[in-house]
Amino acid sequence: MGLGVRWTVHGDGRNPAPGAVVGPDERLSWPRTAGLGAQHVVAMFGASFVAPVLMGLDPNLAIMMSGVATVIFLLATRGRVPSYLGCSLSFVGVAAVIRAQGGSSATVTGAVLVVGVALFLVGVAVQRFGARIIHTAMPPVVTGAVVMLIGFNLAPVTASTYWPQDQWVALLTMLVTGLAVVCLRGFWSRIAIFLGLVFGYAVSWLFDRVFGMIHSVNGAGKVTDHWRLDFSAVGSADWIGLPSFHGPSFEWSAILVALPVVIALVAENAGHVKAVGEMTGDPLDDKLGTAISADGAASVLSTALGGPPNTTYSENIGVMAATRVYSTAAYWAAAGFALLFGLCPKFGAVVAAIPGGVLGGITVILYGMIGLLGAQIWVHNKVDLRNPLNLVPVAAGVIIGIGGVGLRISDHFELSGIALGTLVVLSGYHVLRALAPAHLKAQPPLLDEGTSSYDEAAERRETG
């Protein structure tokens, strides 16, 4: 069996036909593939750079290890699951709690390393017993809700962090990016997100020259006068340099705080694999366990060196939804760029200088696309939201996940956002299903057709 590192050239390798899909085992010309890889790096860089900063970890190490994690993931899934692994935002709150308890960076990475081991073991269980154990717990109504709340949960990041930094640049960037996605043809429409970024850079530079400094919140959340495009950190950054490493430290109190995040990570992986399968038209249930294990293994390696944990990135799924290019070659290119960026503090400083308003305009579209993929899962599987068995848990879970509703378990532990929303959808659906009258349960089967067919095929292989 191959490792998924051989691709056929799609068409002439230049301009895909209107509406054409570039599959995971296909690629465009290498220059275009490199451009798409750069676009994936741009999409993941904001969160992958900000999350480790919020966790008190080295962002350059986070970027470098995201490239390593992506390589591990692509090799493990044999190139069938196009996805980028970046720093998981699910652990930002956990890191804050651990540090509030007096924990160090080593304590944070030690606790998260244990979560990575737990995630790896969940993946092994899925590989052994089949995707049925995941999809029994997460039928289409649940997976659609999880994908939706994962995407829309990112909305406050745009609304409160990026957009307010420069609302007019954000608005213009959003409009130009949307026009590029819809109106451009061929390769240019496939790199619309990158074009929107370049446009936003140019407009920010122009506005600085014409209007001077802007009085608004900056990246740190403080209202102040500042330049939209600030390259001050670029000049002082080195061209080549290794990130800082440290070993993990294990404390039970920190581990117990971090372990519940496994629920969110399994939900993210299941939702992301489901979403990618929907987009590519290739049922990926047989790769779900491998994807979860690969995510866990990559997180263990990253945290063992002092980096943050990794997870499949919604931002890059949004890029694929916009470009309709699912080539894993582009992700290999992105991983290569990430490795180089991790070793080049100066280039990292350039990318980190992306104006907040530009990110605001781009993420409005990207995050919305991610959320609506959940609705696509519902439509494809004919989920009936008129049925209260489906409607009630989904309605509650999505609002909790999007709104960031929290449930304080103790003075040092709180479930909120994606984790709590997922728990409500999962437990609510199955509890209500157990108590509901027969006529509400008689419509859709518990397992969707794609999962059932996979498990039946797996059973035939085992008994044949």
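Residues numbered from 1 in each chain as written. Predicted model: local features only at pLDDT ≥ 70, side-chain atom pairs only at ≥ 80, totals over all residues. Heavy atoms only, no water.

Test applied: UniProt positions are given in the numbering used here, feature names are shortened, and annotations may be inferred rather than shown by experiment.
By the naming in an unreviewed UniProt entry, the protein chain is Nitrate reductase, taken from Streptomyces piniterrae. Among the UniProt annotations of the protein chain, the heading Subcellular location (unreviewed entry) holds the following wording: "Membrane".

### Some details on the packing of aromatic side chains
Keep this limit in mind: The pairing test for Phe, Tyr and Trp rings, Trp by its six-membered ring, is centres within 6.5 Å, and the orientation test on the planes gives stacked under 30 degrees, edge-to-face over 60, and tilted for anything in between. Strands are runs of DSSP state E lasting at least 2 residues, helices are runs of H or I lasting at least 4, and numbering of each runs from the N terminus. Using a 1.4 Å probe on the protein chains alone, a residue whose accessible area is under 20% of its type maximum counts as buried, one over 50% counts as exposed, and one in between counts as partly exposed. When the NZ atom of lysine or the CZ atom of arginine is within 6 Å of a ring's centre and also within 35 degrees of its normal, the charge is said to sit over that ring.
Considering all chains together, one arrives at two aromatic pairs under this definition. Residues Trp7 and Trp30 carry aromatic rings whose centres are separated by 5.9 Å and whose planes lie at 85° to one another, so their mutual orientation is edge-to-face. Of this pair, Trp7 sits in the segment before β1 (8–9) while Trp30 is found in helix α1 (residues 30–55), placing the two residues 23 residues apart along the sequence. With relative accessibility at 19%, the residue Trp7 sits in the buried group. On the numbers, 5.3 Å between centres and 85° between planes, the contact of Phe207 with Phe211 is edge-to-face. In this pair, Phe207 and Phe211 are both assigned in helix α10 (residues 192–211), four residues apart and thus about one turn of the helix distant. Assessed through its relative accessible area of 57%, Phe211 is described here as exposed. Looking at Arg209, its charged tip hangs above the ring of Trp227, at a distance of 5.8 Å from the centre.

### Examining α10
Let me state the cut-off plainly: Here the expected span of a helix is defined as 1.5 Å times the quantity of residues minus one.
Relative to the 28 Å expected for 20 residues at 1.5 Å per residue, α10 spans 27 Å between its end C-alpha atoms, a close match to the ideal helical length. Among the residues trailing α10, Gly212 stands out with phi positive, at a value near 80°.

### Describing the side chain of His40
Under the convention used in this document: Contacts are assigned to residue pairs that have any heavy atoms within 4.5 Å of one another.
Tracing the chain through its elements places His40 in helix α1. Not counting residues within four places of it along the chain, the set of residues in contact with His40 comprises Asn316, Val319, Met320, Ala330, Tyr331 and Ala334.

### Some thoughts on a nonpolar patch on the surface
Keep this limit in mind: Patch building starts from residues that exceed 30% relative accessible area and form no salt bridge, then joins like charges within 9 Å and nonpolar side chains (Val, Leu, Ile, Met, Phe, Trp, Tyr) within 5 Å. All accessible areas in this document rest on Shrake-Rupley with a 1.4 Å probe, and a residue is counted as covered only by the protein chains that are shown. Here, a salt bridge means any Lys or Arg side-chain nitrogen found within 4 Å of an Asp or Glu carboxyl oxygen.
The grouping of Leu242, Phe245, Leu301, Leu305 and Leu343 at the surface amounts to a nonpolar patch, some 440 Å² of accessible area in total. Residue position: Leu301 is located in helix α14 (residues 288–304).

### Remarks on the nonpolar core
Stated precisely, the cut-off is as follows: For this analysis, a nonpolar core means a set of buried residues of the types Ala, Val, Leu, Ile, Met, Phe, Trp, Tyr and Cys, connected via side-chain atoms within 4.5 Å. Note that domain bounds follow an automatic or database assignment of domains.
Judged by nonpolar contacts, the single largest core of 70 residues is most densely connected at Met138, Val142 and Leu288. Split by domain, this core shows at least three residues from each of two domains, domain 1 (24–383) and domain 2 (386–442). Leaving out residues up to four positions away in the same chain, Val142 has contacts with Ala137, Val425, Leu426 and Tyr429. Core analysis: the second largest hydrophobic core is formed by 20 residues, Val169, Leu229, Ala322 and Val358 among them.

### Focus: unusual backbone geometry
A negative phi holds for most residues other than glycine; trans holds for most peptide bonds. For Arg78, which is not glycine, the phi dihedral falls at a positive 55°. Of note, Arg78 is situated in the loop between α2 (59–76) and β3 (85–87). Here Arg78 falls in the partly exposed class, since its relative accessible area comes to 31%.

### Some details on the side chain of Ser299
Note on placement: Ser299 falls in helix α14. The exposure class of Ser299 is buried, given its relative accessible area of 3%. The contacts of Ser299, once residues within four sequence positions are left out, are Gly116, Pro309 and Asn310.

### A closer look at the pattern of salt bridges
Across all of its chains, the model carries three salt bridges by this definition. Note that Arg228 and Asp166 form a salt bridge whose closest N and O atoms lie 2.7 Å from each other. Of this pair, Arg228 sits in the loop between β5 (223–226) and α11 (232–236) while Asp166 sits in the loop between α7 (155–162) and α8 (167–183), and the two are 62 residues apart along the sequence. Residue classification places Arg228 among the buried positions, given a relative accessible area of 12%.

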